[in-house]
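In case you want the letters, here they are:
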Amino acid sequence: MENGYVKYHTDNKVGTITFFHPKSNSLPSNILKELATTIENAGQDNSINTIVLRSDGHKAFCAGASFDELIQIEEFEKGKEFFMGFARVINAMKNSPKFIIVRVQGKAVGGGVGLVAAADYALATVDSSVKLSEYALGIGPNVVGPAVERKLGRASFSQMSIDFEWYSADWAMNRGLYAHIYQSVDDLDEAVLKFAKKLSEASPTAATELKKIFWEGTDNWGELLELRAEISGRLVLSDFTKNYISQFKNK
């Protein structure tokens, strides 16, 4: 529990991937690595047709990058490798031959918004506001940017990136980040279960072909996200970022 976990289970042609970290479902490198591997493996699991990605707990869906780990980065290569963790998860979601439904039961910040944006379909509660906070840290949403921009459009992505304010679930739904929002977690879970079952009974071959169409124009993301990880890997070494994180942790 202290280091968090990633779990995978299957039921009725649906594979569910659950991640958890005690600090608001933040994402340290070990969780990112497990997530990417689990998503890749689920994509090759012939016993399922659909994937659900979710986090445990009833508060934050995902607080983004682990501040505990960020503040310890002292070398460019380690910084780049940390942010490559997000790149690998996003590319694993993009490249999966199966549709991925993301269940969002609470707030999503930074890298958490990237996970939602990389979904093929996202369902959320009314409390699931979103925020890109990276610019405040002196970094910027570099790695998750292509996924968020693809889903929201450049204008909304730029707005979120520059002002790093909270945006409501209704705002996110109106811009295509969420397909639907629900009043409670129970309502959300019922909807996720029903929709996942619906997709699991459809043609997996057709799903794979549709995903190719939906993600056209992203074949260069392997190289693109690595370049973005290099930018973040440099910026995370700055005194500005170190001081911001120290002040945040001491609040």
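See the structure above.
None of these values were measured; they are calculated from a predicted model.

Engineer: Can you tell me about the sheet that holds strand S6 (residues 99-104), naming the residues and giving the values?
Structural biologist: A sheet is described by the order of its strands in space; here 6 strands give the open sequence S1-S2-S4-S6-S8-S10, paired in mixed fashion. Only two strands of the sheet have a single neighbouring strand rather than two, namely strand S1 (5-11) and strand S10 (180-182). This sheet shows a mean twist of 20 degrees between the axes of neighbouring strands, independent of strand direction. Where S1 and strand S2 (residues 14-20) come together, 7 bridges link them in antiparallel fashion. Along S2, the bridge assignment pairs Tyr5 with Phe20.

Engineer: Could you give an account of the pairing of strand S4 (residues 50-55), naming the residues involved and the relevant values?
Structural biologist: In regular strands, side chains alternate between the two faces of the sheet. Among the 6 residues in S4, 5 count as buried, and that is most of the element. Relative to S4, S2 runs parallel, the two sharing 6 bridges. The partner of Phe19 across the bridge, within S4, is Ser55. In this sheet, S6 lies alongside S4 in parallel orientation, the contact comprising 4 bridges.

Engineer: Can you break down the pattern of salt bridges residue by residue, with the values?
Structural biologist: Should the charged atoms of two oppositely charged side chains come close, the side chains can pair. Per the counting criterion, the structure on display carries 10 salt bridges. The salt bridge involving Asp120 is made with Lys211; its shortest N-O contact spans 3.0 Å. Remark: Lys211 occurs in helix H9 (residues 204-214) and Asp120 occurs in the loop between helix H4 (111-117) and strand S8 (121-125); sequence separation between them is 91 residues. Residue class for Lys211 comes out buried when judged on its relative accessible area of 3%. Bridged by salt links that share partners, the residues Lys80, Glu226 and Glu230 form one connected network.

What counts and how
- Residues numbered from 1 in each chain as written.
- Predicted model: local features only at pLDDT ≥ 70, side-chain atom pairs only at ≥ 80, totals over all residues.
- Heavy atoms only, no water.
- Pairing = 2+ DSSP bridges.
- Helix = DSSP H or I, 4+ residues; strand = E, 2+ residues; numbered from the N terminus.
- Axes fitted to C-alpha atoms, helices over the stretch in contact; angles between N-to-C directions.
- Buried < 20%, exposed > 50% of the residue type's maximum accessible area, 1.4 Å probe, protein only.
- Salt bridge = Lys/Arg side-chain N within 4 Å of Asp/Glu carboxyl O.

Everything listed is a geometric property; what it means functionally is a separate question.
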